[in-house]
Amino acid sequence: MQFADLLTRVSYLPPKDVEFLSRAHEAAASAHHDQNRLSGEKFIEHPLSVAAILAELQLDRDTLAAAILHDTVEDTHLTVQDLERSFGPTVGKLVAGVTKLDKISFRSQEQAQAENVRKMLVAMAEDVRVVLMKLADRLHNMRTVDFLPEARRKAMAQETLDIYGPLAHRLGMWTIKWELEDLSFAQLHPDEYADIVKRIARKRREREASVNDIKEILERELAAVGIRAETSGRPKHVYSIANKMALGKDFDEIYDLSAIRVLTDSIKDCYGALGIIHSLWKPIPGRFKDYIAMPKSNGYQSLHTTVVSQTGEPMEIQIRTHEMHRTAEWGVAAHWAYKEGVTREDKKMDQRFSWLRQLMEWQKEVLDAETFVDAVKVDVFRDEVFVFTPRGDVLALPSGATAVDFAYRIHTEVGHRCIGAKANSRMVPLDYQLQNGDILEILTSKAPHGPSRDWLSFVKTAGAAQKIRVWFKKERREENVAKGKEQLDKEFRRMQQRPLASLGDERVLELAHDFRFQELNDFFAAVGYGDVSPHAVLLKYIAATQPETPTPGEFPLIPLVPQFKPTGEVRVKGERGVLTQIARCCKPVPGDLITGYITRGKGISIHRTSCKNVTNVINQERRVDVEWDTGGRQLYPVAIKIEAWDRTGLLRDIATVIAENKINLTGADVQVYDDKTAVISTTVEISSLTQLSRLMERLETVKDVHTVAREGNLAAS
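Note that the structure is predicted; figures quoted are calculated from it, not measured.

Trainee: What is the right way to read the overall build of the protein from this model?
Mentor: What the protein contains, in helices and strands, is 29 helices and 21 strands. Out of the 717 residues belonging to the protein, those deemed buried represent 49%. Taking contacts inside the protein between residues at least 6 apart in sequence as the whole, the part at least 24 apart equals 65%. In the structure as shown, the protein presents an accessible area of about 35,000 Å², 48% of it carried by carbon and sulfur atoms.

In structure tokens form, the structure reads like this:
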């Protein structure tokens, strides 16, 4: 790509803008003059190619200039300030926006990946041209990816499928989406790609003959009723064919292998053409979709129908206006006019970007980037369902969304006051998953109402979840404080077998400071509404009481000492190798505060410091200082007491949870009382306090289980 080639594509720009691009090219060529790509071509050919892709979208001069200059800040001596002085603040901002988007690697460090995706979406919210440049940049890189080593090729292809393809889809840019997906698929699965291409080519002649026959008949019949239309064959998308085959469809059963596109002058002619088509060929039931009346959230509009042709083969036909076709090909870029004197279709654009505004509203509330990205994958990069309000408005929500998600999409207050829902005039539960075409009515309470915490377990959209959490933060502060305190107390009782109060307010306040809270009630409230987990607090406490510094970045998996086995796992006054045994009465594990008691003939017995068998002994001189030795990684037994309502299958469900967590169950004793209460005493082999805490949390979720705690003989609190 040479600058002269680019000039042939920007004829829509006035001469002064072309001169502006010429200056940008001179600056970029000078900055990159000694740089080559791995293919051997001059580096400047890459930014010129990116600009050429954007020129096909007829974007403004600032976007094209920024595309030409987009690698200068990252790879040359030029700075953003230099670009702003020479080409204005808009070009500088666009180049800075692209430069800040570090390479996204969705198969490496998750936190870095998440931060990069968040950064890209924030930049996109500020100016969508940043992402249009990024998509064009990625498209040219994928076109020339063959010169990279295999590992880099596959990594780039995978991240393209993970992020850039779905993003192009969300922006309605089908032409770029299809090419990105096919290029990526060819790199990741070259044999499968080649096989599908061969199959398409093998039947090309007979399909082309069939398509030409249908086009000839269709053009003649449309002209006879006065409908002006252009007909053409639709290009085949290899990646979509591969996806359908992966779902179990045979190659010959895929309807859109043969496809015709009909472009008309008006919406009325679209429906007129549909009537002619259905009168000529029999439509296949269930294969008609009206995206004109119900546009996709990315702006896509078209009529889709599949008919049985004269050869007996299924043939998909798409009908749309010329303007709809431009939008379908280029998506948001087709309406994103920054040229002087041109205004946007504000209402349509606002609707098209409503999903992005919602993301930006709640992303400020989410401190954890990984949580943000998980939600984005659901809200943005997932299939949609289209549902109606009682007034006939159409809303698009991610597949799997529930009635509560719908309520919050209508309005925050509708969500907060939601008490029931009707789908197609029938009552449905609030966790009902919406289906395409549902007419949904939300029943609300007139009196002040509020969401249930249970809703957080089934809502699918990040917006709904964030609004529920915000409500609990604002409206139920006292409840959250009490709930958080209760959760922390429960965690310390079951894991340390001591109440939270035994730590003292000063020590709990120190823990609050570790989580950057200055006030105890703020800390408890954060635990109550889920911003801080009780287990994280326990680990902070344990880490601070460990005698040795943990490995940086990882809380050590501290080994547990087996009963009555002389080992070096406990240090007595700092010395290893002293004969020790774990006391049967309290069975301490690493993380517990421990003390030693000198026995007669059996070495030193290790107890928790709170065990009444050592706190109540008369001869305190026989107590010695001991500490955990964190040197090994072994599995040791821990006793857990589970209280539940008795039912058939209870023990099986408990054993299943233990097995799913890859923990060995070495013993279980069950007692059932007259009131149908079951007490199950189990012994499991674990490797750390963290693993034990997670197991106990999951056991509490088993149906009819109400209490899970470690067994032991403790002093009264």
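Trainee: Can you walk me through the sheet that holds strand E15 (residues 604-608) in this structure?
Mentor: Where strands meet in a sheet, backbone hydrogen bonds hold them as pairs that are either parallel or antiparallel. Pairing is mixed in the open sheet, where four strands are placed in the order E13-E15-E14-E16. At either margin of the open sheet sits one strand with a lone partner, and together these are strand E13 (580-582) and strand E16 (623-624). Note that strand E14 (residues 594-598) and E15 share five bridges and pair antiparallel. The residue bridging Tyr-597 from the neighbouring strand is Ser-605, located in E15.

Trainee: I would appreciate a short explanation of unusual backbone geometry in the present structure.
Mentor: Leaving glycine aside, a negative phi is the common case for residues, and trans is the common case for peptide bonds. A positive phi angle, close to 70°, is found at Ser-425, a residue other than glycine. Inspection of the secondary structure assignment puts Ser-425 in the loop between strand E9 (418-423) and strand E10 (426-428). Phi at Asp-704 is positive, roughly 75°, even though this residue is not glycine. Following the sequence through the fold, Asp-704 ends up in the loop between helix H29 (689-699) and strand E21 (705-710). By relative accessible area, Asp-704 is classed as partly exposed at 28%.

Trainee: Would you mind going over the sheet that holds E9 with me for this structure?
Mentor: Sheet architecture is open: three strands sit in the order E10-E9-E11, paired in antiparallel fashion. The outermost strands of the open sheet, each flanked by one partner alone, are E10 and strand E11 (440-444). Here the strands of the sheet are splayed against their neighbours by 35° on average, with no regard to which way each runs. The pairing of E9 with E10 spans three bridges and is classified as antiparallel. The residue of E10 that forms the bridge with Lys-422 is Met-427. Contacting E9 and E11, helix H20 (residues 403-410) crosses the sheet at an angle of about 80° to E11.

Trainee: I would appreciate a short explanation of the packing of helix H11 (residues 174-188) against helix H14 (residues 238-246) in the present structure.
Mentor: For any two helices packed against each other, one specifies the crossing angle of their axes together with the interaxial distance. The N-to-C vectors of H11 and H14 enclose an angle of 65°; their axes lie 7 Å apart at closest approach. Two secondary-structure elements touch here, H11 through Glu-181, Asp-182 and Phe-185 and H14 through Val-238, Tyr-239 and Ala-242. Its residues assigned to classes, the contact of H11 with H14 shows four nonpolar, no polar and two charged.

Trainee: Would you mind showing me how to read the packing of aromatic side chains here?
Mentor: Two descriptors summarise a pair of aromatic rings, namely the distance from one centre to the other and the angle between the planes of the rings. Scanning the entire structure with this criterion turns up ten aromatic pairs. Between Phe-185 and Tyr-193, the aromatic rings sit 6.2 Å apart at their centres with planes inclined by 65°, giving edge-to-face as the arrangement. For Phe-185, a relative accessible area of 4% puts it in the buried group. A relative accessible area of 26% means that Tyr-193 is categorised as partly exposed. An aromatic cluster of at least three residues, connected via ring pairs, comprises Trp-174, Trp-178, Tyr-291 and Tyr-300.

Trainee: It is not clear to me how a nonpolar patch on the surface should be interpreted in this structure. Could you clarify?
Mentor: On the surface, Leu-651, Val-670 and Val-672 cluster together to form a nonpolar patch covering roughly 230 Å² of accessible area. Here Val-672 is to be found in strand E19 (residues 664-672). Take Val-672: its relative accessible area is 45%, and that puts it in the partly exposed class.

Trainee: I tried to follow the pairing of strand E6 (residues 314-321) on my own but got confused; where do I start?
Mentor: Strand residues, when the strand is regular, have side chains that alternate between the two faces of the sheet. Taken across its eight residues, E6 has eight buried, putting it largely inside the fold. Because side chains alternate across E6, one face comprises the buried residues Pro-314, Glu-316, Gln-318 and Arg-320, and the other comprises Met-315, Ile-317, Ile-319 and Thr-321, equally buried. Relative to E6, strand E2 (residues 259-264) is paired through six bridges, and the arrangement is parallel. Residue pairing for E6: Ile-260 is matched across the bridge by Ile-317. As paired elements, strand E5 (residues 303-308) and E6 share six bridges and run antiparallel to each other.

Trainee: Explanation requested: the environment of Val-578 in the structure shown.
Mentor: In this structure, Val-578 sits in the loop between strand E12 (570-572) and E13. Distance in space between the C-alpha atoms of Val-578 and Ile-604 is 8.0 Å, their sequence separation being 26 residues.

Trainee: Sorry if this is basic, but what is going on with helix H3 (residues 45-56) here?
Mentor: Residues three or four positions apart in an α-helix share a direction because the helix packs 3.6 residues into each turn. Helix length check: H3, at twelve residues, gives a terminal C-alpha distance of 17 Å against a target of 16 Å (1.5 Å per residue), a fit within 8%. Among the twelve residues that make up H3, eleven are buried, leaving the element largely enclosed by the rest of the structure. Residues of H3 that are buried: Glu-45, His-46, Pro-47, Leu-48, Ser-49, Val-50, Ala-51, Ala-52, Ile-53, Leu-54 and Ala-55. Buried residues along H3 sit in contact with helix H1 (3-7), helix H2 (15-31), helix H4 (61-68) and helix H9 (128-143). Residue Gln-58 follows H3 closely and has a positive phi angle near 60°.

Basis of the calculations
Residues numbered from 1 in each chain as written. Predicted model: local features only at pLDDT ≥ 70, side-chain atom pairs only at ≥ 80, totals over all residues. Heavy atoms only, no water. Helix = DSSP H or I, 4+ residues; strand = E, 2+ residues; numbered from the N terminus. Buried < 20%, exposed > 50% of the residue type's maximum accessible area, 1.4 Å probe, protein only. Contact = heavy atoms within 4.5 Å. Areas by Shrake-Rupley, 256 points an atom, 1.4 Å probe, with all protein chains shown as cover. Pairing = 2+ DSSP bridges. Axes fitted to C-alpha atoms, helices over the stretch in contact; angles between N-to-C directions. Nonpolar A, V, L, I, M, F, W, Y, C, P; charged D, E, K, R; others polar. Phe/Tyr/Trp six-rings, centres within 6.5 Å; stacked < 30°, edge-to-face > 60°. Patch = residues over 30% accessible without salt bridge, like charges linked within 9 Å, V, L, I, M, F, W, Y side chains within 5 Å. Salt bridge = Lys/Arg side-chain N within 4 Å of Asp/Glu carboxyl O. Expected span 1.5 Å × (residues − 1).

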